[in-house]
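Spelled out from the first residue to the last, the chains are:
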Amino acid sequence: MFSWSKQSSTPAASSSVPSSSSAAGYRRNSASTASLIPRNVHLSSYLNHPVLKPSTRKVSADDTTYDTVFQTTNGFALIVRVYVPADNTKAPQMTLHGVIASHNWLDIRMRVIGYAPILSEQSWRSSKLKLGDAVYTVIHHFQLHPPSISQVVDENLSRLQQTLSGKSNNNNATNRSNPPNTTYSSNNTHNKSNGVNVQAQVIDNKEAACKVDEEELSSLIPRVPSNFPEIEELSLSELNDLVNNKATLDKFINKISVVDALKELKESIEMSNVDTATANLALEEKVESICMEVETLKQDLKSNVEKYRELDARRAAMTRPPEIHEAVRELASAKKKALNESDEFADDWVESGGSDVSAFVKKFMDTRVLHHTRAAKAERLKMSCK
């Protein structure tokens, strides 16, 4: 591993890379017995990991994104970018930052897809792993099984690799198996990560993660070299043989590292497509069941909407204010009815020889007041129409 330096802006030697034996000797911390490990425990296990701590640096304004730089067994420096979601129920995400490479653990976005515990939220919870152990496992796998690098797109990582290559050329074969110590600049990493904002690197949006625009797709393909040293070193007879012998030309092309990287990239894309198709087919039955349920709910909704509209129409008819001329007509009819009732009541009382005058007057006056009230309302409505 490396250590992060805060003093220098250029790579410098600082700490040694752990050997394969020391890495193999490290044992994973015991998994928490709790169903959900707290986020601060995950971060502490990562930032205070005895192997990862010296080479880990926070690269975001918040506490969600970190870089860990390491060196593979073939002497290449790489960076694993770790995104720790604020939502503790979500799985962490890891990407190989600053390079275009091919590996069966990487997709075309350089996201780690070969480590099962971080593929889904359920897998992450059921694994009961701490973040430090998960990151260590991924890095250790890349150390022992290095990806095929087709292009370095990060300026600082390229500078770091040049430093490693320069020192490696000055050492003997024994020293090459134990690469030099190197410091990676934290300031450059934070301010010049290939001109891309750190937050833009966070892959937490599923919709964005499914989209690959043409520019990004083009960036995954290695650039055409400006020169071919392999050809320049050939003699005239060898060049003639390449031109005139297709089998020799094919064999020569297949030996070029960029061609190998392209083939591996093609295979990784095909494998990714197969995995995606397999996952889709596994969900086919579930999707069909959900579609049937949705169709049933759709029919129920349609029936309920029709009932609602019918009842709403009845409600509107019942609560709608009547037309003025209809109200005047009904008031006139009711006024006449009240007048007739009062007259009939008076006639009946006289003919029966009634004796309770107070009760007669009260009931008679109530009926007549109702008559005049309805007459007044009808008159007011007629006046409002003029």
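Here, every reference points to the structure presented above.
In this numbering scheme, every chain counts its residues from 1 along its sequence in written order. Whole-chain, interface and lining totals are the exception, using all residues; otherwise, since this is a predicted model, local features are given only for residues with pLDDT of at least 70 and side-chain atom pairs are given and counted only at 80 or more. Hydrogens and water are ignored here; the side-chain numbers use all heavy atoms of the structure.

### A look at unusual backbone geometry
If a residue is not glycine, its phi is most likely negative; likewise, a peptide bond is most likely trans. How we decide: Helix numbering and strand numbering both begin at the N terminus, where a helix is a DSSP run of H or I of at least 4 residues and a strand a DSSP run of E of at least 2. Any residue under 20% of the maximum accessible area for its type is buried, any over 50% is exposed, and the rest in between are partly exposed; the area is computed with a 1.4 Å probe on protein chains only.
One non-glycine residue, M110, lies in the positive phi region at around 65°. With respect to the helices and strands, the residue M110 is situated in the loop between strand 6 (99-102) and helix 3 (121-127). On the accessibility criterion, M110 (4% relative accessible area) is buried. Located in the positive-phi region is K128, a residue other than glycine, with phi close to 55°. With respect to the helices and strands, K128 occurs in the loop between helix 3 and helix 4 (131-144).

### Some details on the environment of T89
The criterion, for reference: We call two residues in contact when some of their heavy atoms are within 4.5 Å. Residues adjacent in sequence count toward polar contacts only when both atoms are side-chain atoms; beyond that, a polar contact is any pair of N or O atoms within 3.5 Å, and within protein one must be able to donate a hydrogen and the other to accept it.
Looking at where T89 falls in the secondary structure, it is placed in the loop between strand 4 (77-83) and strand 5 (93-97). By relative accessible area, which is 29% here, T89 ends up partly exposed. When sequence neighbours within four positions are dropped, the list of residues in contact with T89 reads L36, E121 and R125. At 2.8 Å, the side chain of T89 forms a polar contact with the side chain of D87.

### Observations concerning the packing of aromatic side chains
Our working rule: Two rings belonging to Phe, Tyr or Trp (six-membered ring only in the last case) form a pair when the distance between their centres is within 6.5 Å. Interplanar angles under 30 degrees mark stacking, angles over 60 mark edge-to-face geometry, and anything in between is tilted.
Following the criterion strictly, the structure yields six aromatic pairs and no others. When the ring of F360 is compared with that of F364, the centres are 5.7 Å apart and the planes differ by 25°; the resulting orientation is stacked. Linking F360 with F364, this pair stays in helix 17 (residues 357-385), spanning four residues, or about one helical turn. The exposure class of F360 is buried, given its relative accessible area of 14%.

### Considerations on the nonpolar core
Which entries qualify depends on this criterion: Side-chain atoms within 4.5 Å link the members of a nonpolar core, which is a set of buried Ala, Val, Leu, Ile, Met, Phe, Trp, Tyr and Cys residues.
Among the nonpolar cores identified, the biggest contains 37 residues, and M94, L96, V112 and F142 are the most heavily contacted of them. Where this core is concerned, the elements lending two or more residues are helix 2 (39-47), strand 3 (65-71), strand 4, strand 5, strand 6, helix 4 and helix 5 (155-169). Among the elements that take part in this core, helix 4 stands out by supplying seven residues, more than any other. If sequence neighbours within four positions are ignored, V112 has contacts with M94, T95, W105, L106, I118, V138 and F142.

### A closer look at the sheet that holds strand 3
This is how it is decided: A pair of strands counts as paired when DSSP detects no fewer than two bridges linking them. Between N-to-C directions, angles cover 0 to 180 degrees, with each direction set by a line fitted to C-alpha atoms, over the stretch in contact for helices.
If you trace the four strands from one edge of the open sheet to the other, you get 2-3-4-5, paired in antiparallel fashion. Both edges of this open sheet fall to strand 2 (56-58) and strand 5, since each of them pairs with a single strand only. Taking each pair of neighbouring strands and ignoring which way they run, the sheet shows an average axis angle of 25°. Both strand 2 and strand 3 contribute to a ladder of three bridges, which runs antiparallel. By the bridge assignment for strand 3, R57 is matched with D67. Sitting on the sheet, helix 4 touches strand 3, strand 4 and strand 5, and the angle it makes with strand 3 is about 35°.

### Some words on the environment of R125
Relative to the assigned elements, R125 resides in helix 3. For the pair formed by R125 and N88, sequence separation is 37 residues and the distance between their alpha carbons is 9.8 Å. Polar side-chain contacts of R125 include one of 3.5 Å to the backbone oxygen of T89.

That's the geometry; what it means functionally is another story.
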